[in-house]
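Residue-level structure breakdown
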Amino acid sequence: MKRILSFVLFMFFLILNGCSVPENVLPEYTVNNETVDMMGLVIRASRDEGDFAETYLGYRQGSSLYDETAARVSSVESKYNCSIEFLSDPNFSSNLSMRTAAGQSYVDFALMTRYDRKLTQSGLLTPMSAISDYIDYYDSEKWGTPNTLFQLVWDGELYGVIPVSWPEYYFTLVDFPIVSNTNKIRSMGFPDPREYVENKEWTRERFADCVNEYFHAEGEDVHYGISMYKPHFYDMAIRTSGVQMAIKTENGWESGVHSQTGREAIAWAIDFIQYTCKDSINDEDNETQAALNAFCDGKSSLVLNHSNYLFASNSQYERVVSYEVENFGVLPFPVGPEVEYGQWIGQYERTPNTLIFPLVANNTDAAVIVANEIFEPLESCPDTAALENYYYDSIFFDKRDVSVIMQMLKNCTYNFYDEGLRQVADQLGNGKNDVNQLLDSMSDVYQSLIEENVIPIYESIDSIFNGKQ
C-alpha cells in the first residue's frame, strides 16, 4: 500500500487546519502469507440513504439482493476477522467536514447515494492513486468507465469509483430516458412505440407525432402526451444533438452550447415545446416530482425523468415507476441530424452509488481491502450478460428496454449541473425563446465557468485515463 503518500497528505491537511493527529492513524492488523487477519478491527462505513432499516446497501428489505449483499458483507467480515459498522447519515458531507476539521476520523469509507461534487475539491478525500494497490480504478467493468466518473476528478486525481458490477448501481447513473405506459398507449389504438425504435423510425418528428397523438381531453379529463420538467428536455435536446459542454478548438476551449449545432438543437426544442406539442405537454409546476406523479397517476402516456425516480429500488424515493406502472417501456431521446441513428445518448447530473475513502480515517488500508472485496461482482450477477438478464427479469418488461438503457450508459455524459452550466436550459424552461439573444447574453458567463470548472475536469480525465502507462 502507498501509506507514505496517504500519510503525507493526511499530515498536510491537518497542519493547514491546525488539527492534532489522532493516535491511531494506521490500522493494527497482521498479514501472513497473503492472508489478512484484522484481529477484530471495527471498520466504520456510511451509507447516506436515509432509512437504512428498509434497505441494505441500496436494496429493499425482502429482496434477494438484500439477502445476497448482507451475506457478502458477513462473508468478508469472517474472512478478514473484522466487523463493519454501517451508519446511515443523510448529512454525510457536512458531518465529514466538521469531523475532519477537528482532526477526528468519522468513517473509514462511504457509499454515497448521490455524490456531493463539493467533496472532490475539498481536500477531504483520499485520491484513488494513493490506494491503487487494492483499488484498480482502470478496471471499468468493476469501477466505471471514464465518461461516468467526471464528477469525481480534479487536478489530475480521481477521488471515488462506482461499483458498477452490482445490479442497479450502474444503470441508475444515466438520466432522462423516455418511459412509456405501454398498456395505455395500446388501449388508445396506437402501436407500442418501441416498434418505432426497432424499425429505425424513432426520429424527432415521430416523437412529436406520438406526443400529440397520445393527447386527448374529454371535459375536465385531460390525458397528456408527455410529462416533463422542461429544463431536462432542453438539456437532452442539446446533448442528443452531439453537443459537448466544452469543445477544444484551435482558439482554445469554447462552449459547445454556443456552437451552431447547439443553437440548432435549442431552436428545435423551443419549437417542440412552445409550438408543435404545446398543448400535449404536462409540465405541472415545472418540477421533477410533479412530472413523475402525473405519469404514475395515469395523466400522461410518456414521461422524461431521472432514472432513480423511474426504476430504483431504493426506498428513499416516494414513487418509483417500476413499482407503480404495469408494462412500462423505455425509449431513448431521439438524436439530432449530426448523430448516427441508434447511438442513444444519456446524461447525468449527480453520480450515484459512489465509493469514497475519507483522507482522515483510522483504518484506511483495512477499509480499502474490505471495500474492494465487498464490491466484487455478486454471485447472481457475475458479468455484464448476467446483469442484463437480471434487469430484464426483475425490472424491465422487454429486452429492448435493457438494450436502450445500456446504449445510453455507453454514451452518457456529465451535464455539469453542479458547475452552473445548466443555466441556458433553465432559462429556456422559464419561457425564453430567442435563441441567439439568450446565448449571446450568457456567452461570457459560460466561458468563465468553462475555464474555471470544466477544463480542469476534461484535462484530469485525459491525464488519468489516456495518460496511463
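Residues numbered from 1 in each chain as written. Predicted model: local features only at pLDDT ≥ 70, side-chain atom pairs only at ≥ 80, totals over all residues. Heavy atoms only, no water.

1. Details of the packing of aromatic side chains
One pass over the full model with this rule turns up 33 aromatic pairs. Ring geometry for Tyr-138 versus Phe-465: centroids 5.8 Å apart, planes at 85°, classification edge-to-face. Placement of Tyr-138 in the loop between strand S7 (109-114) and helix H4 (140-143) and of Phe-465 in helix H18 (residues 443-466) is noted, with a sequence separation of 327 residues between them. Taking the relative accessible area as the measure of exposure, Tyr-138 reaches 29% and is therefore partly exposed. A centroid spacing of 6.3 Å and a plane angle of 75° characterise the contact between Phe-150 and Phe-416, whose relative ring orientation is edge-to-face. With Phe-150 in the loop between H4 and strand S8 (153-154) and Phe-416 in the loop between strand S20 (413-414) and helix H16 (423-429), this pair connects stretches of sequence that are 266 residues apart. Residue classification places Phe-150 among the buried positions, given a relative accessible area of 12%. The buried category is assigned to Phe-416, whose relative accessible area is 0%. (Phe/Tyr/Trp six-rings, centres within 6.5 Å; stacked < 30°, edge-to-face > 60°. Helix = DSSP H or I, 4+ residues; strand = E, 2+ residues; numbered from the N terminus. Buried < 20%, exposed > 50% of the residue type's maximum accessible area, 1.4 Å probe, protein only.)

2. With respect to the sheet that holds strand S19 (residues 352-356)
Sheet architecture is open: four strands sit in the order S6-S3-S7-S19, paired in mixed fashion. Sheet topology places strand S6 (82-88) and S19 at the edges, where each strand pairs with a single neighbour. Ignoring which end each strand starts from, the neighbouring axes of this sheet average 20° apart. Taken together, the four bridges between S7 and S19 define a ladder with antiparallel strand orientation. (Pairing = 2+ DSSP bridges. Axes fitted to C-alpha atoms, helices over the stretch in contact; angles between N-to-C directions.)

3. Some points on helix H10 (residues 288-296)
Across the nine residues that make up H10, a large majority, eight, are buried. Among the residues making up H10, those that are buried are Thr-288, Gln-289, Ala-290, Ala-291, Leu-292, Ala-294, Phe-295 and Cys-296. Two residues or fewer past H10, Gly-298 is found with a positive phi of approximately 80°.

Just distances and angles here, no functional claims.
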